Structure formats: structure tokens, C-alpha cells
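What follows is the residue order along each chain.
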Amino acid sequence: MDDAWDGQGYRERPSRFGRAVVWTRTVTALDAGMPVLPDGCIDLLWVGGRLVIAGPDSAAHHPEVAVGTRYVGMRFFPGTAPALLGVPAHELRDQRVELADVWSSAVARRLADELADADDPVVGLERLALRRAREVAPPDPLLRRVVAALDNGWTVGATAEAVGLNARLLHRRSLAAFGYGPKTLARVLRLQRAVARVRDGMSFAETAASTGYADQAHLAREVRDLTGMPLGEVLTRSSDAVPVDDQLAVGSAAYRSMPLPSGSRITA
């Protein structure tokens, strides 16, 4: 992704699409077994000559991947990809599916051929997303406000009130946009905040206190529930796996920098 890159590890950068990051990864022996933590995002992957959609995960995904496998991906902010793909997010939850299973096989094959012929498949993915965005209605901006509120520790009730939806409608809209209800999305985003704090050197106890957990034991329970692994293993491995240039190997900051709804901040 830059001239100094040696082709190993992971790189990401903001996408020209504007509501995504683009990334590349070449699997190494050191990171082949790394779990992919849930982050509320949907990715479009170019791997092995195929276009694959990685749906929103509700728990850690443990890929079986060979050392040397090269990925090129676009990670869409929560709530962005369903409008582009034309598929509700909950139909993709916890799945990896071929684009040909969502769009027509002819269209998917044409797009795969475009990427195969591209000088830079990263740029090719961006062009694909930009072209598609001109063809479909944009995501409802309300969705970004929902994500921003939940990521800042607002309760589901306060979030619903701030964006002008009742709880039932917020849940229904969240399923279609994010793949799961707002409570699960809040838990996923809080996990990502905890991972980021540990990566920055914060202790588990301080991390729990600063990210809305009752205490370290609560953090440990949530981590095990969402990842199937103990707290120390998940957060320590995530910290150890930070690639060169401090990019994120597990999860992403793709959902950050979103405007908050107006109103008072309410901590969950």
C-alpha cells in the first residue's frame, strides 16, 4: 500500500470512498492464528481471485488460512455496506459469502476480472465502491448517529430518544443496518474500545473503568462471551499483533470519528 511496504503483515488507510478503510494483509506464521474480533463492520475482500463478503461478526471469527495468503479488503463503517450491497446486514451476520451469491454471477465475475487486471487491486476496490455508490441511495445518516452514540457509552434508550425512534423501531433498523440489535452493537463497540486501551498500555482494571464495564471481572466475562477466549489471551494477543505504523490487525477504528446526536451524554 506504500512504496516502503515489504508485502508482509497488515496495512490500512482511509478510503477515497469516505466511509471505509482499505487494507491489505499477507498472512505470516506469526499471525495466521489470530482471531478477527467483532467490530460492527462489513468487509469486501479480494482473495484468491474471488470477491468475498465478510458479514458483521457477533463473536470472534477464527479463520483457517494458509501462510502467504494475500488479502485486499475494504472495511465499511457500520451501517454503510447494506445500502451498497442491497442486502440487509442480518442476512450476512457471522458469514463469509461469495459476492456471486449476493449479486448475479455474471456481475461478480466481471468485477473479479476487473480487479485481476487492475494495477492495484486496492484502488480497484475503491473504484468499485465509488461506482456502486453513484447507483444507489446513500445510507441513512441517522445510522451514523446511532453508532456514534452507542460508541460513546449512551444507553440504548437514550440513543433511541436522541435519534427520534422508539426502541422497537431502533432494533429493527439496527438489524438491517448493522446485523444485530443496538445492545449487541454497543457491546461490540465497547469491546473494541477496551482492545484499543490495552493496546495503548492501559491495565485491565483501568480499561474496565474507562470503557463502561462495572469492573475487571465484568470486562473478563464480556470478553469471553464475545470471543470465546479469556481476557488475558484476547487483549494481550491483540496488543502484541499491532502491525508496523500502528495500524490495527484485529478489528479496526473504521467506525470512529462519527458525529454524536445532540443532547446530554449518558453513560451506559
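Refer to the structure printed above.
Residues numbered from 1 in each chain as written. Predicted model: local features only at pLDDT ≥ 70, side-chain atom pairs only at ≥ 80, totals over all residues. Heavy atoms only, no water.

Draft legend 1. Local environment of the packing of helix 7 (residues 182-199) against helix 9 (residues 216-227). Two elements in contact, helix 7 and helix 9, have axes separated by 11 Å at closest approach and are oriented at 115°. The pairing of helix 7 with helix 9 is recorded here as roughly perpendicular in orientation. Of the two elements, helix 7 crosses helix 9, and the hand of that crossing is left-handed. Residues Arg-187, Arg-190, Leu-191 and Ala-194 of helix 7 form the contact with helix 9, whose participating residues are His-218, Leu-219, Glu-222, Val-223, Asp-225, Leu-226 and Thr-227. Grouping the constituent residues of the contact of helix 7 with helix 9 by class yields five nonpolar, two polar and four charged. (Axes fitted to C-alpha atoms, helices over the stretch in contact; angles between N-to-C directions. Helix = DSSP H or I, 4+ residues; strand = E, 2+ residues; numbered from the N terminus. Parallel < 35°, antiparallel > 145°, perpendicular 65-115°, else oblique. Left-handed = near helix turned anticlockwise from the far one by under 90°. Contact = heavy atoms within 4.5 Å. Nonpolar A, V, L, I, M, F, W, Y, C, P; charged D, E, K, R; others polar.)

Draft legend 2. Representation of the nonpolar core. The biggest cluster of nonpolar side chains holds 28 residues, and the ones touching the most others in it are Leu-51, Ile-53, Phe-76, Leu-85 and Leu-99. Mapped onto this core, the elements with two or more residues apiece are strand 2 (20-26), strand 3 (42-47), strand 4 (50-54), strand 5 (70-76), helix 1 (81-85), helix 2 (105-117) and helix 3 (121-135). Excluding anything up to four places from it in sequence, Phe-76 contacts Phe-17, Arg-19, Ala-20, Cys-41, Ile-42, Leu-44, Ala-81, Leu-84 and Ala-129. Core analysis: the second largest hydrophobic core is formed by 16 residues, Leu-142, Leu-170, Leu-185 and Ala-186 among them. (Core = buried A, V, L, I, M, F, W, Y, C linked by side-chain atoms within 4.5 Å. Buried < 20%, exposed > 50% of the residue type's maximum accessible area, 1.4 Å probe, protein only.)

Draft legend 3. Broad picture of the sheet that holds strand 3. Judged by pairing direction, the sheet is antiparallel, and its six strands sit side by side in the order 1-2-5-3-4-6 without closing on themselves. Both outer strands of the open sheet, strand 1 (9-14) and strand 6 (96-98), are each paired with one neighbouring strand and no more. Strand-to-strand twist of the sheet, defined as the mean angle between neighbouring strand axes without regard to direction, takes the value 25°. Note: strand 2 against strand 5, seven bridges, orientation antiparallel. Among the inter-strand pairings, Thr-26 is bridged to a residue of strand 5, identified as Arg-70. Helix 2 contacts strand 3 and strand 4 of the sheet and is inclined by roughly 110° relative to strand 4. This element, helix 3, spans strand 1, strand 2, strand 3, strand 4 and strand 5 of the sheet and lies at about 30° to strand 5. (Pairing = 2+ DSSP bridges.)

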